[in-house]
Amino acid sequence: MDKFSYISNAHGDYIEGLYQTYKSNPSELDAQWQKFFEGFEFSKTFSEGAQANTIPTSVTEKIVNQQGDVSKELAVATLIEAYRNRGHLLANTNPVRKRKDRKPLLAISDFGLSDSDLNSVFQAAQLVDMNGSTLAQVIDKLTKIYQSSIGFEVGYIRDVDQQNWLKQKIEKEWPQFSPSHEQKKRIFKKLNEAVVFENFLHTKYVGQKRFSLEGGETSIPVLDFIFNSGAKLGVKEFVIGMAHRGRLNVLASTIGKTYEQIFSEFEGSAIPDLTMGDGDVKYHLGYTSDQTTMEGHPVHLKLCPNPSHLEAVNPTALGFVRAKMAMQFDNDYKHILPILIHGDAANAGQGIVYEVTQMAKLPGYSVGGTIHLIINNQVGFTTDFDDARSSSYCTDVAKIIEAPVLHVNGDDPEAAVFAAILAAEYRQKFGADVLIDLVCYRRHGHNESDEPKFTQPSLYNIIAKHPNPREIYKKQLIERGEVDADLAEKMDKEFRDLLQERLNMVKQTPLPYSTQKLDNEWFALRKSTPEDFYSSPSTGVSKDILEKIGKALIKLPEGFKPVKQIEKVQKEREEMVFETGQINWAVAELMAYGSILLEKKIVRISGQDVQRGTFSHRHAVLRDSVTNFPYNSLNFIEENQAQLSIYNSLLSEYAVLGFEYGYSTANPHALIVWEAQFGDFANGAQVMIDQFIASSESKWRQMHGLVLLLPHGYEGQGPEHSSARPERFLQLAGEYNMIVANITTPANFFHALRRQLAWPFRKPLIVMSPKSLLRHPKVVSDIKELTEGSFQEVIADGFVKPKDVKKVLLCSGKMYFDLLERQQTEQRKDVAIVRLEQLFPFPEKKLNEILSQFKNSALVWVQEEPENMGAWSFILRQLRSQNVQVVARKESASPAVGYLKVHNQEQLQIIDSAFAK
Ligand SMILES: Cc1ncc(C[n+]2csc(CCOP(=O)(O)OP(=O)(O)O)c2C)c(N)n1
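Everything in this summary refers to the structure shown in the same document.

Parameters at a glance
Residues numbered from 1 in each chain as written. Predicted model: local features only at pLDDT ≥ 70, side-chain atom pairs only at ≥ 80, totals over all residues. Heavy atoms only, no water. Axes fitted to C-alpha atoms, helices over the stretch in contact; angles between N-to-C directions. Helix = DSSP H or I, 4+ residues; strand = E, 2+ residues; numbered from the N terminus. Parallel < 35°, antiparallel > 145°, perpendicular 65-115°, else oblique. Left-handed = near helix turned anticlockwise from the far one by under 90°. Contact = heavy atoms within 4.5 Å. Nonpolar A, V, L, I, M, F, W, Y, C, P; charged D, E, K, R; others polar. Salt bridge = Lys/Arg side-chain N within 4 Å of Asp/Glu carboxyl O. Buried < 20%, exposed > 50% of the residue type's maximum accessible area, 1.4 Å probe, protein only. Pairing = 2+ DSSP bridges. Right-handed = clockwise from strand over helix to strand, strands pointing away.

**Some remarks on the packing of helix α7 (residues 181-204) against helix α8 (residues 219-232)**
- Where α7 meets α8, the axes come as close as 8 Å, and the angle between the chain directions of the two elements is 130°. On the basis of the axis angle, α7 is oblique to α8. Judged by the twist between their axes, the crossing of α7 over α8 is right-handed. On α8, the residues touching Q183, R186, I187, K190, L191 and A194 of α7 are I220, P221, D224 and F225.
- Across the contact of α7 with α8, the residue classes tally to six nonpolar, one polar and three charged.

Pasting the structure below:
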């Protein structure tokens, strides 16, 4: 309910109460109420009580009981406030059709007022600084502000500073906004470039897909003014995430990809060199450049590469920004600004938009605010907005974080530029998200060979006759005498000639396909070669360093009172490092992180509950049992070490994994880890895995070394908590794109983590990580194994003698320990167990060296997963020249049974079959 609307029915005591609050502590009241009482207190209306400390009863009675002037005053105040809150519902934002009736309730009758009141003067007019004006004049002003080409949707913002700042911008600056001559010329120039570029491509490459910006060309001056205003306020780098629509135009008109490069991609005249990867279509490619803004500020611009999957790029762009903020800008958000460009249908429909919005203010994921630009062409492919969303606006998700939304008519570029400037200033001032909803239209079908009249015939009849935004603006400028017609024509012709000239050049000598330029941070690294995977680099660290880390792990700050169980954990850690030398999984993991921090490389870990660890094993952050104070012991190994940032994530996989991927593409010298609660939850982030993690190097030459820890293993916990779906990763594995590992020893895990940064290239590492094995007595490594050596891709059987062996069981991960138990219990020297610690890249050479000792033995792949899952089909493909058999669970629809007893029976059957003579 509106703040003021109930007041005419309120009891006098209520008003009196508000007034008393106003007297004692005015800041507790809304700014509107403050102003209201301010006005009334000092106005003549209340002259009888001006000296008194209470509102005289006669006045409150008048408010409550009478239909006289005072209740009308309240009605007018209510009306003003209603315009502020709901005026956007009537704003003139749609360039091609009438707005839907969204029940704004802004008629004067909605406030108990009538035409006869229009010429009366109300005190409430001072709420909009219109003392002495008639109601009609007040409404006129409100209409001009709130029903203009911008719909300001800000009424839900509770922060008083933000409210006041926005009110100033909206009610004072917007009505007087008048761009300078230079600004107008710039707007026109940018519109000209945007329109002519599309038009040129449309005529030269008829029917070729380019997902044109036509109808939404005003986006280009909007971006230009965001860059300009942002740079004036300290931004040095802009990072853009966007989809297909208008991408080529953004690349050419704002990011500075040359027209020759773009035309060459259209010409597609030579077979590109595929040794650098398989590439991507032109409207998915990224680009970086250095530009100078209109007012002469240098800025670095980056457009992130993106897949077809709408909105998937968003968290990756933000993760990238977060990394750069830390690396380059001392964590000051004011120097780097993310811009996410959305389609209206995708912004409304894709859940990841919600996930990313929810990240905005979290300590682990905040980037100091994002500017969102929605190119709202009112259609999603063929779907009208009535079928695309239940919400009034495609931007409504922004309300969860109280972000201002500026709905702008795309045919009014000056209004759009006002919104752009406001957005940049707001983001720089408050470090918070802000949205520009550029309401426009799509001139053609979804792509240029699509017929939009199949589905939106009446809309497209209107669009066919609708002039483009450049024509509209040109007419305005000419009518206002701000530019003469000749100049406008000249600009058009000159630009068209320039494009033709570039096209002629390209037709004569097309440029070769250019792969994406590497960001500077990657210069020290190189692409991998197959030989790189024959063996792993040395990754041991000295005992001194391990002990130093061990000391930090067991030391607590003065006065810190751990909970009882942690005292035990600390004691065990001490025994492991300083007495027995037998290191478990968790300590090996922490040792790996600690050793990297000591090399002054940061470690960042995120995922659900990672600080403690789902299985209560990591305890990277300890809590004081009394004060709750968090203590991250790995940050206190020695001075000048790098920092471990470990964040319990929001309950999201898709966006969080995307964020960490983005982070890892920005900083190749950091170890970035994402852990799933159980491995199968990575399903929710499958787009990130398929479209980015597995394929980014091939598509975009974008390397990264992100680590995914995916708890995996059949322990009778049912279908959802057993399998991290290794088969999916193995199916995605090709061209050395990632490491897929199922590791059995703490030392090997230690080396695998350290290897990530020891390589002169980067590869994502997918680890099927342990659950119950975290506490298995056999899952320990001697500390010596951490001080020397390297990651072991294959581990041979040290128990058997090759000549006795009749059967070799090849396995990976937890399966090993079940097989080992039988082998040891029955002292089966005729059965060798060989562990594949790394499944991909398949360590063929190393495996063959081991297998060559067992020439006359049978070879059996043993896995816990059903035969149609797990690594079996991958192994079969890798070992196709060998006669390899399989022992696995039966082919199944679901990864595991739901009954513990059946699970146990199945597990036994696997072991029995594996050891059958
Ligand atoms: C996640 C996802 N689902 C479906 C598609 C197929 N698709 C491509 S564009 C599009 C419509 C997008 O509409 P909107 O977000 O309004 O952007 P517009 O193309 O209108 O600019 C659809 C459904 C896709 N690319 N990604």
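**Topic: the pattern of salt bridges**
- Tallied over the entire structure, the rule returns 57 salt bridges.
- Taking the shortest distance from any N to any O, the salt bridge between E660 and R604 comes out at 2.7 Å. Taken together, the residues E660 in helix α22 (residues 654-666) and R604 in strand β12 (residues 603-607) connect sequence positions 56 residues apart.
- Put simply, E826 and R828 hold a salt bridge, and the shortest N to O gap is 3.7 Å.

**Topic: the pairing of strand β19 (residues 765-769)**
- Counting buried positions along β19 gives five out of five residues, so the element sits mostly inside the fold.
- The side-chain alternation of β19 yields two buried faces, one formed by L765, V767 and S769 and the other by I766 and M768.
- Pairing geometry for strand β17 (residues 707-711) and β19, over five bridges, is parallel. Note on β19: the bridge partner recorded for L708 is I766.
- Two strands pair when backbone bridges link them, and strand β18 (residues 739-741) and β19 are joined in this way by three bridges, in the parallel orientation. What sits directly across from I739, in β19, is L765.
- Each parallel crossover has a hand, and for β18 linked through helix α26 (residues 746-758) to β19 it is right-handed.

**Considerations on the sheet that holds strand β26 (residues 884-889)**
- On the basis of which strands lie adjacent, the open sheet formed by five strands has the order β21-β23-β22-β25-β26 and mixed pairing. Among the strands making up the open sheet, the edge pair consists of β21 (794-795) and β26.
- Across the sheet, helix α28 (residues 815-825) lies against β22 (807-811), β23 (831-836) and β25 (858-866), angled at about 165° from β23, the strand it touches most.

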